[in-house]
Amino acid sequence: MSEKARRLYETIAKTGGGQKTAGDDVRKAGTEGNSLPLCRTGKLGAGGALATFHAGMPRVVGQFADFADWEIALSAELGDCVDIAEDAAGETYTVYSHRYEKESVYHVRETEDGLMVS
């Protein structure tokens, strides 16, 4: 083994290097739930995490037969209690999900096949 390879091997052994899993980072960072550090903790700033991932509210987009069909899909994906607010032009809808406690904006246009939501 070369000197460089030996030093690298020793450094990895001392620092606990090797393959990591997301669970290792969560335990080191002391976080819970849907917040996972995206970098090795303890090496960058306060808390050690460069960025965190928070699971967001799913988007319900695509082609639907009509508005009622989209409402059913929203309820199935976002929970039974969703609030839908239409803008003045009728092209943009703000959907608030009580399950996720978040809102998302959707652009809706009528097509010959029904409703296109993006």
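Criteria and thresholds
Residues numbered from 1 in each chain as written. Predicted model: local features only at pLDDT ≥ 70, side-chain atom pairs only at ≥ 80, totals over all residues. Heavy atoms only, no water. Helix = DSSP H or I, 4+ residues; strand = E, 2+ residues; numbered from the N terminus. Buried < 20%, exposed > 50% of the residue type's maximum accessible area, 1.4 Å probe, protein only. Contact = heavy atoms within 4.5 Å. Areas by Shrake-Rupley, 256 points an atom, 1.4 Å probe, with all protein chains shown as cover. Expected span 1.5 Å × (residues − 1). Arc of directions from axis to C-beta. Polar contact = N/O pair within 3.5 Å; in protein donor to acceptor, adjacent residues only side chain to side chain. Phe/Tyr/Trp six-rings, centres within 6.5 Å; stacked < 30°, edge-to-face > 60°. Lys NZ or Arg CZ within 6 Å of the ring centre and 35° of its normal. pLDDT = per-residue confidence, 0-100. Pairing = 2+ DSSP bridges.

Digging into the overall build of the protein
Across its full length, the protein carries three helices and seven strands. Listed by position from the N terminus, the elements making up the protein come as α-α-β-β-β-α-β-β-β-β. Looking at the protein as a whole, 21% of its 118 residues qualify as buried. Relative to all contacts within the protein whose residues are 6 or more apart in sequence, the contacts with residues 24 or more apart total 30%. Accessible surface, the protein: about 8300 Å² in total, of which carbon and sulfur atoms supply 52%.

Considering helix H3 (residues 67-78)
Between its terminal C-alpha atoms H3 stretches 16 Å, which fits the 16 Å expected from twelve residues at 1.5 Å a residue. Along H3, the residues that are buried comprise Trp70, Leu74 and Leu78. Buried residues along H3 cover an arc of 45° about the axis, so they all sit on one side. Set apart from the buried face of H3 by more than 90 degrees, the exposed residues are Ile72 and Ala76. Residues of H3 that are buried sit in contact with strand E3 (62-64), strand E4 (82-86), strand E5 (92-97), strand E6 (102-111) and strand E7 (114-117). The opening residue of H3, the one whose side-chain oxygen lies 3.3 Å from the backbone nitrogen of Ala68, is Asp66.

Notes on the packing of aromatic side chains
The full count for this structure, using the stated rule, is four aromatic pairs. Between the aromatic rings of Phe67 and Tyr93, the centroid separation amounts to 5.3 Å while the plane-to-plane angle is 45°, which identifies the pairing as tilted. Of this pair, Phe67 sits in helix H3 while Tyr93 sits in strand E5, and the two are 26 residues apart along the sequence. Judged by its relative accessible area of 9%, Tyr93 falls in the buried class. Between Trp70 and Tyr93 the ring centres are 5.9 Å apart and the planes differ by 70°, which places this aromatic pair in the edge-to-face class. A residue pair is termed long-range when its members are at least 10 positions apart, and Trp70 in helix H3 and Tyr93 in strand E5 qualify at 23 residues. A single burial state applies to Trp70 and to Tyr93, both of which are buried. Between the NZ or CZ atom of Arg59 and the centre of the ring of Tyr106, over which it lies, the distance is 4.2 Å.

Examining the confidence of the model for the protein
The pLDDT averaged across the protein works out to 73; a share of 58% of its residues lies at or above 70. Mean pLDDT values for the elements of the protein range from 40 in strand E1 (residues 35-37) up to 93 in E5. Counting interchain partners and residues more than four positions distant, the pLDDT-below-50 stretch residues 20-46 has 44 contacts.

A look at the pairing of E5
If a strand is regular, its side chains alternate between the two faces of the sheet. Judged from the five bridges that link them, E4 and E5 form a sheet pairing that is antiparallel. Note that in E5 the partner of Asp83 across the bridge is Tyr96. Sheet topology note: the E5/E6 ladder contains six bridges and is antiparallel. Residue pairing across strands places Thr92 opposite His107, the latter belonging to E6. Between E5 and E6, which follow one another and run antiparallel, lie four residues, and Glu101 among them has a positive phi close to 55°.

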